[in-house]
Amino acid sequence: MVQEKLMEDWQQRTELLLGTEKAQRLHAAHVLVAGTGGVGAYAAEMICRAGIGEMTIIDADTVQLSNINRQLPALHTTIGMAKTEVLARRFRDINPQLKLHVLELFLDEENIPSLLDNMRPDFIIDAIDTIAPKCKLIHCAQERNIRIISSMGAGAKSDITQVRFADLWETFHCGLAKAVRKRLQKMGRKQKLPVVFSTEQANLSAIVATHNEQNKKSTAGTICYMPAVFGCYLAEYVIRNL
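Summary of the structure given here. (Residues numbered from 1 in each chain as written. Predicted model: local features only at pLDDT ≥ 70, side-chain atom pairs only at ≥ 80, totals over all residues. Heavy atoms only, no water.)

### Remarks on the overall build of the protein chain
- In terms of helices and strands, the protein chain carries nine helices and nine strands.
- Computed over C-alpha atoms, the radius of gyration of the protein chain comes to 18 Å, within 12% of the 18 Å expected from 2.2 N^0.38 for 242 residues, which places it in the range of a compact globule.
- Dimensions of the protein chain, computed from C-alpha atoms along their principal axes, come out at roughly 55 × 40 × 35 Å.
- A total of 242 residues make up the protein chain; the buried ones form 48% of that total.
- Taking contacts inside the protein chain between residues at least 6 apart in sequence as the whole, the part at least 24 apart equals 71%.
- Surface accessibility of the protein chain: about 12600 Å² in total, with carbon and sulfur atoms responsible for 50%.
- Charge centroids of the protein chain, computed over 29 positive and 26 negative side chains, lie 6 Å from each other. (Helix = DSSP H or I, 4+ residues; strand = E, 2+ residues; numbered from the N terminus. Rg over C-alpha atoms; globule rule 2.2 N^0.38 Å. Buried < 20%, exposed > 50% of the residue type's maximum accessible area, 1.4 Å probe, protein only. Contact = heavy atoms within 4.5 Å. Areas by Shrake-Rupley, 256 points an atom, 1.4 Å probe, with all protein chains shown as cover. Lys, Arg positive; Asp, Glu negative; His and termini not counted. Charge placed at Lys NZ, Arg CZ, Asp CG, Glu CD.)

Dropping the structure here:
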């Protein structure tokens, strides 16, 4: 009985703001978060703290030293650990009743269709930073009429006042958005897509070419708060629309 009371109490501020009915809608919903790096981990945590009933987190990366400046699961004590493992422990501590699915895998054009067919989440948060799987996830979600919001690039930018919601096809000053538009057009997919992006011009001096890194041609300088802001925007959109 005491445990049940505690579980009721930790969500009381959310319910006070949203009302019981809307809080119950969140509790009944399933959100899939693809990518748990700088942006995705913050989005997932906000979704968790809002009282979502079921969540799937997907990422195959481990924590690296270079992640510590901006990524939620990154600590000196977690270096080398799977990001999903670190976050799963954290999210279950936030909400022990959360139905959490943890998939430590790289999404690709082969596994995305079957994954969505098996799960059928109510909403998808796309925080993938690699073009091919990102566009495949968007394509398959739209094909199945699964609601999705996608994050564009937060790297090489520092002004949080320029972060915006927009339709993908109306974005500008974003190299990632441009690449996503181009690939989706080739896939025959031209419908509207809600995204979070920044109108700020990227600082080109903060972008350097990379070598010998899988699916990565460049690395952009980042500041701690930008990925977190993007993640919060994504979570707000999902919570509001659910």
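Now that the structure has been shown, the text picks up again.
### What about the pairing of strand E7 (residues 194-198)?
- With four of five residues buried, E7 lies mostly within the body of the structure.
- Of the pairings in the sheet, the one linking strand E5 (residues 147-151) to E7 comprises two bridges and is parallel in character. The residue bridging Ser150 from the neighbouring strand is Val195, located in E7.
- Relative to E7, strand E6 (residues 163-167) runs antiparallel, the two being bridged by five bridges. Looking at E7, one finds that Phe165 is bridged to Val196. (Pairing = 2+ DSSP bridges.)

### A word on the nonpolar core
- Among the nonpolar cores identified, the biggest contains 36 residues, and Val31, Ile52, Met55, Phe91 and Ile125 are the most heavily contacted of them.
- Elements that contribute at least two residues to this core include exactly strand E1 (30-34), helix H4 (38-49), strand E2 (54-58), helix H5 (83-94), strand E4 (123-126) and helix H9 (225-241).
- Counting residues per element, this core draws most heavily on H9, which supplies seven residues.
- When neighbours within four sequence positions are excluded, Ile125 is seen to be in contact with Val31, Leu32, Val33, Ala34, Ala43, Ile47, Ile149, Leu234 and Val238.
- If you look at the next biggest cluster of nonpolar residues, it comprises 27 residues, including Leu137, Ile146, Ile148 and Val195. (Core = buried A, V, L, I, M, F, W, Y, C linked by side-chain atoms within 4.5 Å.)

### Overview of the pattern of salt bridges
- By the definition in use, this model includes nine salt bridges.
- Among the salt bridges present, the one from Glu21 reaches Arg25, with a minimum N-O distance of 2.9 Å. With Glu21 and Arg25 both in helix H3 (residues 20-27), this residue pair falls four residues apart, about one helical turn.
- For Glu45, the salt bridge is made with Arg49, and the minimal N-O distance between the two is 2.9 Å. In this pair, Glu45 and Arg49 are both assigned in helix H4, four residues apart and thus about one turn of the helix distant. (Salt bridge = Lys/Arg side-chain N within 4 Å of Asp/Glu carboxyl O.)

The values are spatial; any link to function lies outside them.
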